[in-house]
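Here are the chains, one letter per residue:
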Amino acid sequence: MPEGHTVHRLARRHQKIFRGQHVAVSSPQGRFIDGADAINGRVFDRATAWGKHLFHHYAGGRIVHVHLGLYGKFTEFAVDAGVPEPVGQVRMRIVGTDKGADLRGPTACEVVDESEVSEILARLGPDPLRKDADPSAAWERISKSRRVIGALLMDQKVIAGIGNVYRNELLYRHRLNPHRPGTRMREGEFQEAWTDLVELMKVGVRRGRIITLRPEDDHGMPSYAPRRPRTYVYRRAGDPCRICGTTIRTEVMEGRNLFWCPSCQS
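No experiment lies behind these values; they were computed from the predicted model shown.

## Overview of helix α4 (residues 135-143)
Within α4 the residues assigned to the buried category are Pro135, Ala138, Trp139 and Ile142. The arc enclosing the buried residues of α4, seen along the axis, measures out at 100 degrees, which places them on a common side. For α4, the secondary structure elements touched by its buried residues are α5 (149-152) and α7 (187-207).

In structure tokens, the structure reads:
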């Protein structure tokens, strides 16, 4: 599932290529026909993101809410040589002056109004990539919860935008045991982790990749997959810890794979 930095990159990109244009919106797949008809031909005003939720704002107050889920993806195409035929199950197609974008496989693609956006945002925790983020709201939830930190960080009601890679890597970088209850986390630990998370996700927005490994800890051990950044623990189960050499462990925590070093994160 795309993490928050990916959605923020999409918002910036879509704002760049569509803002101020009367765009053509359609649903080649047929599952978004009514929504597409409601915004087709309107001016694309701006794009915003909160956590893993993307919002396209159109003139007149219409808003398209997109949640990519596990399989959703946008692809771009140029229109200088004509608009290409859609390939695959395209839920929503946006065509501007020079560029177009196809959306396939999202969990949500719907036209909403401001009140419905407010309802969505009310269910989410602060987004580290937003300037208006209030980390105290996340700390209040964590400090009062007996759920373990490894689960809390994946809860979008606590912090919006964190996915499995950031969860695992952030816990390692701060030597936090993922099985520790939130009630046992110290406020200073949370503040340090939040500050670090903000910077890590900003790097993700700039570079389009999740980069978590500090240069001094990069000892050349390969990545978990070709063309992927090297990590501390994510998808390294059975490999030695980059710092202490202890074997990285894994388990399933609330449906997602957790990775940690039992020595560094004891």
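Having seen the structure, we can now continue with the description.
## Things to note about the pairing of strand β7 (residues 99-104)
Bridge count between strand β5 (residues 73-78) and β7: six bridges; the pairing is antiparallel. Across the sheet, Phe77 pairs through a bridge with Gly100, a residue of β7. In this structure, the hairpin formed by strand β6 (residues 90-95) and β7 is closed by a connection of three residues.

## Points about the pairing of β6
In terms of residue burial, β6 counts as a mostly covered element, since six of its six residues are buried. As defined by bridge partners, β6 adjoins β7 across five bridges and the pair is classed as antiparallel. Residue Arg93 lies in a different strand from β7, and its bridge partner there is Asp102.

## Considerations on the layout of surface pockets
Where empty space is left can be seen by rolling a probe of water-molecule size over the atoms. Considered as a void within the structure, the largest pocket measures approximately 650 Å³ in volume. For the largest pocket, the lining is made up of 21 residues, of which His5, Val165, Ile210, Tyr224 and Arg228 are closest to its centre. Sorting the residues of the lining of the largest pocket by element identifies α1 (4-18), α6 (164-173) and β10 (256-260) as the ones contributing at least two each. Residue classes in the lining of the largest pocket are distributed as eight nonpolar, six polar and seven charged. Listing elements by their share of the lining of the second largest pocket, those giving two or more residues are α1, β2 (44-50) and α7. Residue contributions to the lining of the second largest pocket peak at five residues, all from α7. Class assignment for the residues of the lining of the second largest pocket results in nine nonpolar, three polar and six charged.

Cut-offs used in this document
- Residues numbered from 1 in each chain as written.
- Predicted model: local features only at pLDDT ≥ 70, side-chain atom pairs only at ≥ 80, totals over all residues.
- Heavy atoms only, no water.
- Buried < 20%, exposed > 50% of the residue type's maximum accessible area, 1.4 Å probe, protein only.
- Helix = DSSP H or I, 4+ residues; strand = E, 2+ residues; numbered from the N terminus.
- Arc of directions from axis to C-beta.
- Contact = heavy atoms within 4.5 Å.
- Pairing = 2+ DSSP bridges.
- 1 Å grid on protein atoms, 1.4 Å probe; cavity = no way out; pocket = protein on both sides within 12 Å on 5 of 7 lines; lining within 4 Å.
- Points joined across faces, edges and corners; volume = space filled by probe spheres on them.
- Nonpolar A, V, L, I, M, F, W, Y, C, P; charged D, E, K, R; others polar.

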